[in-house]
Every structure is written in C-alpha cells, then in structure tokens.
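What follows is each chain in one-letter form.
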Amino acid sequence: MKKYDELGFAKPDTGRRERTGFPEVIFCQGKPDEYLTKIFQNSYEREGKVLGTRATREQYELVRKVLPQVEFSEVSGILKIGGDPSEWIGEIAVCTAGTADIPVAEEAAETAEFFGGRVERYYDIGVSGLHRLLDRIEDIRRANCVIAVAGMEGALASVLGGQVKNPVIAVPTSVGYGASFGGMSALLTMINSCANGVSVVNIDNGYGAGYIATQINRLAVGGEKGEKE
C-alpha cells in the first residue's frame, strides 16, 4: 500500500508517524519557493500541524500567504504550525556554553517542544565561568535528558556528563575562531569525551538533538504514554 503523496517534485511520507511516532519534518533550506509552499500545505492538510527547519524570513513570508497561522523564529529558523504547550510532558534541559550557541540550542528546544516535550533552558553556562553552571546543576539534574550545545573546544558536554545521571546529547556548533575548524574541534572533543552517557550529533544539528531528546523523554514518562497524538 502506497504511504506517500505524489507531488511530482516530492513524495511526502504519509506513513512516517505510524512507523516512527513522528510526522515528517520539512528541511526548508534550498527548496524552491513553489515547492516549499506546496509541501507545507500538503503536510498541514494531512497532519494538522507541521514543522520546518532552517527556514528564512523570506520563506516564512511565502508560506504565510497560504497558511496565515504559521509561526517563525528568527533565532532558530523554525517554521511551524502547532506545538501546543498544554501537551508538553516530562522535562528536557537545553544548555549552551555561550550566547552565540543559542540559535542551535533553540532549534533543539523548539523541535522538542513541537513534539510534546517540556523544555527548560540554561544558556551561557560554559566552562569559562563554571560557577554559572554549578548554580543551576541541581535543576539540570531533574531533566530526563540533557542537551549540551557548545562551540570552541566543546567542553560543556563532558562536564555535564560527569554531573548528571541521565543521557547527555552533545551538539557541537560552528562557533569559534579559525582553529576550531568550523565546529570540528568541538565535535572531536565531544566524541572523545571521557564522561559516560554522552552521545554526539553532527555539527549545528539542533534538530537531531531535539528529536532524540524527545524519544528519551517519552520513554522516561512511560513509553507509549509519552507519545502525543
């Protein structure tokens, strides 16, 4: 049985929610204007809500012409309809080393919220001022999952991994001077972390971290009960 729609230029996956528990998400970057608006309309008509990542303000204005209720975040690049706060469950902590890491962190946080996770944000608590992290560590420990977003040398993930009992998802960012090699320095630090319980997603992949954190959070609050329809 066919479980996709045929748009000619795209085949939206109508069976994604059934297979994985999540509807298909739209990667907006690089999509021609007409394609993006039609895919957005198709997803909204089918699901009643829709999430897009890496969007621009120009793309927001285009989609808003056909779907006036669409919302856009300048910081995260998230374009969405839906994500009701009354459905939020559990707790996910999203932490950044610095303020420059917030755009990636917000992509993670807003993704998790769209999929039904309650998110607490702890920004600018990097290791260059460790007292800022220690002031919030008891709050962070309550979370079912921790997302650690950092550029430069990416040390925040290792520090958090040694301080909390639940999984840490490390997100290296491309923030940093030349020798950080566009996030490679943070990526290698995180991959080589000596702390247990730390996993790593790709550079600047806030969406991927938010998705995984949602899966962990759902399991923590009771398996299938954690999946919001």
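Procedures and definitions
- Residues numbered from 1 in each chain as written.
- Predicted model: local features only at pLDDT ≥ 70, side-chain atom pairs only at ≥ 80, totals over all residues.
- Heavy atoms only, no water.
- Helix = DSSP H or I, 4+ residues; strand = E, 2+ residues; numbered from the N terminus.
- Buried < 20%, exposed > 50% of the residue type's maximum accessible area, 1.4 Å probe, protein only.
- Pairing = 2+ DSSP bridges.
- Axes fitted to C-alpha atoms, helices over the stretch in contact; angles between N-to-C directions.
- Contact = heavy atoms within 4.5 Å.
- Right-handed = clockwise from strand over helix to strand, strands pointing away.
- Arc of directions from axis to C-beta.
- Phe/Tyr/Trp six-rings, centres within 6.5 Å; stacked < 30°, edge-to-face > 60°.
- Lys NZ or Arg CZ within 6 Å of the ring centre and 35° of its normal.

Draft legend 1. Just unusual backbone geometry, in detail. With phi around 50°, Met-152 is a residue other than glycine that occupies positive phi space. Assignment of secondary structure puts Met-152 in the loop between strand E7 (145-150) and helix H7 (156-161). Using a relative accessible area of 41% as the deciding quantity, one classes Met-152 as partly exposed. We note that Asp-204 has phi near 65°; this positive angle belongs to a residue other than glycine. Counting through the fold element by element, Asp-204 comes out in the loop between strand E9 (198-200) and helix H9 (206-220).

Draft legend 2. Spatial organisation of the sheet that holds strand E5 (residues 89-96). If you walk across this open sheet you meet the five strands as E6-E5-E7-E8-E9, and the pairing is parallel. The sheet terminates laterally at strand E6 (117-122) and E9, the two strands that pair on one side only. Averaged over all pairs of adjacent strands, the angle between their axes in this sheet comes to 25°, without regard to strand direction. Sheet topology note: the strand E8 (residues 168-172)/E9 ladder contains three bridges and is parallel. Within E9, the residue paired with Ala-170 across the bridge is Val-200. Relative to the sheet, helix H4 (residues 102-114) contacts E5, E6, E7 and E8, its axis offset from that of E6 by approximately 160°. Sheet strands in contact with helix H8 (residues 184-191) are E7, E8 and E9, and its direction is about 155° off that of E8.

Draft legend 3. Representation of the pairing of E5. Burial within E5 is extensive, with seven of its eight residues counted as buried. Pairing of E5 with E6 involves five bridges; the strand directions are parallel. Pairing of Ala-93 across the sheet is with Glu-120, part of E6. The handedness of the E5 to E6 crossover, carried by H4, is right-handed.

Draft legend 4. Structural context of the sheet that holds strand E3 (residues 71-72). Read from one edge of the open sheet, four strands run E1-E2-E4-E3, paired in mixed fashion. Pairing within the sheet leaves two strands with one partner each, and these edge strands are strand E1 (26-27) and E3.

Draft legend 5. Summary view of helix H3 (residues 57-66). Three or more residues of H3 are buried, namely Gln-59, Tyr-60 and Val-63. The buried residues of H3 all sit within an arc of 100° when viewed along its axis, so they share a single face. With respect to the buried face of H3, the exposed residues turned more than 90 degrees away are Glu-58 and Lys-65. Buried residues along H3 sit in contact with helix H2 (33-47), E3 and strand E4 (79-81).

Draft legend 6. Spatial organisation of the packing of aromatic side chains. Taken as a whole and judged by the stated rule, the model has seven aromatic pairs. Here the aromatic rings of Phe-115 and Tyr-211 are separated by 6.0 Å at their centres, their planes lie at 80°, and the arrangement is edge-to-face. With Phe-115 in the loop between H4 and E6 and Tyr-211 in helix H9, this pair connects stretches of sequence that are 96 residues apart. The burial state of Phe-115 is the same as that of Tyr-211; both residues are buried. An aromatic cluster is defined as three or more aromatic residues linked by ring pairs; in this entry it consists of Phe-22, Phe-114, Phe-115, Tyr-207 and Tyr-211. The ring of Phe-114 carries Lys-49 above its face, with NZ or CZ at 5.1 Å from the centroid. Arg-218 extends its terminal NZ or CZ atom over the ring of Phe-22, reaching a point 4.1 Å from the ring centre.

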